[in-house]
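Structural overview for review
Below, each chain spelled out in residue letters.
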Amino acid sequence: MSWWLLIALAVIVFLNRYILLEPNLPLRLPKWFQQSLQYSAPCLLTAIATPIVFMDGQAFRDSLLNPYFIATMMTVLIALVVKRTLWTILLSLAIFYGLLFWMN
């Protein structure tokens, strides 16, 4: 993927989010539509992360005992316990890179 395509996609996503969610714009969306937009970020993150966790190139990973899946489960547990975004990210990255070093 080229840098121009990535930048264009980022601009498109930003403008869509800005137009739909900026409270100072005169555009008013129905309440049900605003509520459904709250789920867009977790849905997109899941759609991006799932192939990374379960795929190795073009094939499924053979076992659930791979660093990607274990780190994913640990991240969920850390997020439930810690409830602070920065600490969750830092601990999850440390666990993931530790697993990569230890398991490979």
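In this text, all values refer to a predicted model and were calculated from it rather than measured experimentally. (Residues numbered from 1 in each chain as written. Predicted model: local features only at pLDDT ≥ 70, side-chain atom pairs only at ≥ 80, totals over all residues. Heavy atoms only, no water.)

**Some remarks on the overall build of the chain**
Along its length, the chain carries five helices and two strands. A compact globule built from 104 residues should have a C-alpha radius of gyration of about 13 Å, whereas the chain, at 18 Å, is more than 25% larger. Summarising its shape, the C-alpha atoms of the chain cover approximately 55 × 35 × 20 Å along the three principal directions. The long-range share in the chain, meaning contacts at least 24 apart out of those at least 6 apart in sequence, stands at 23%. Looking at the chain as shown, the accessible area adds up to about 8,900 Å², and 74% of this sits on carbon and sulfur atoms. (Helix = DSSP H or I, 4+ residues; strand = E, 2+ residues; numbered from the N terminus. Rg over C-alpha atoms; globule rule 2.2 N^0.38 Å. Contact = heavy atoms within 4.5 Å. Areas by Shrake-Rupley, 256 points an atom, 1.4 Å probe, with all protein chains shown as cover.)

**Here's the deal with the packing of aromatic side chains**
According to the stated counting rule, one finds four aromatic pairs in the structure shown. Ring pairs connect the aromatic residues Tyr 68, Phe 96 and Tyr 97, which therefore count as one cluster. (Phe/Tyr/Trp six-rings, centres within 6.5 Å; stacked < 30°, edge-to-face > 60°.)

**What about a nonpolar patch on the surface?**
A cluster of nonpolar side chains, namely Trp 3, Trp 4, Leu 6, Ile 7, Val 11, Phe 14, Leu 15, Tyr 18, Ile 19, Leu 20, Leu 21 and Leu 27, defines an oily patch on the protein surface of about 1,200 Å² accessible area. By the secondary structure assignment, Phe 14 is in helix α1 (residues 3–21). Overall, Phe 14 belongs to the exposed group, its relative accessible area being 53%. (Patch = residues over 30% accessible without salt bridge, like charges linked within 9 Å, V, L, I, M, F, W, Y side chains within 5 Å. Salt bridge = Lys/Arg side-chain N within 4 Å of Asp/Glu carboxyl O. Buried < 20%, exposed > 50% of the residue type's maximum accessible area, 1.4 Å probe, protein only.)

**Details of unusual backbone geometry**
One non-glycine residue with positive phi stands out, namely Lys 83, at about 60°. With respect to the helices, strands and loops of the structure, Lys 83 is situated in the loop between α4 (67–82) and α5 (85–103).

**Topic: the packing of α4 against α5**
The contact between α4 and α5 brings their axes to 9 Å, and the two run at 155°. Put simply, α4 runs roughly antiparallel to α5. α5 is crossed by α4, and the crossing has right-handed handedness. For the pair α4 and α5, contact is made by Pro 67, Tyr 68, Ile 70, Ala 71, Met 74, Thr 75, Ile 78, Ala 79 and Val 82 and by Trp 87, Thr 88, Leu 91, Ser 92, Ile 95, Phe 96, Leu 99, Leu 100 and Met 103, respectively. Classifying every residue of the contact of α4 with α5 by side-chain character gives 15 nonpolar, three polar and no charged. (Axes fitted to C-alpha atoms, helices over the stretch in contact; angles between N-to-C directions. Parallel < 35°, antiparallel > 145°, perpendicular 65-115°, else oblique. Left-handed = near helix turned anticlockwise from the far one by under 90°. Nonpolar A, V, L, I, M, F, W, Y, C, P; charged D, E, K, R; others polar.)

**Brief notes about the side chain of Thr 88**
Its place among the elements puts Thr 88 in helix α5. What makes Thr 88 buried here is its relative accessible area of 10%. Not counting residues up to four positions away in its chain, the partners in contact with Thr 88 are Thr 75, Ile 78, Ala 79 and Val 82.

**What to know about α4**
The end-to-end C-alpha distance of α4, which contains 16 residues, comes to 21 Å, matching closely the 22 Å that a straight helix rising 1.5 Å per residue would cover. The complete set of buried residues in α4 reads Pro 67, Phe 69, Ala 71 and Ile 78. Buried residues in α4 make contact with α3 (40–54) and α5. With a side-chain oxygen lying 3.0 Å from the backbone nitrogen of Tyr 68, the N-terminal cap of α4 falls on Asn 66. Positioned one or two residues after α4, Lys 83 has a phi angle of 60°, which is positive. (Expected span 1.5 Å × (residues − 1). Polar contact = N/O pair within 3.5 Å; in protein donor to acceptor, adjacent residues only side chain to side chain.)

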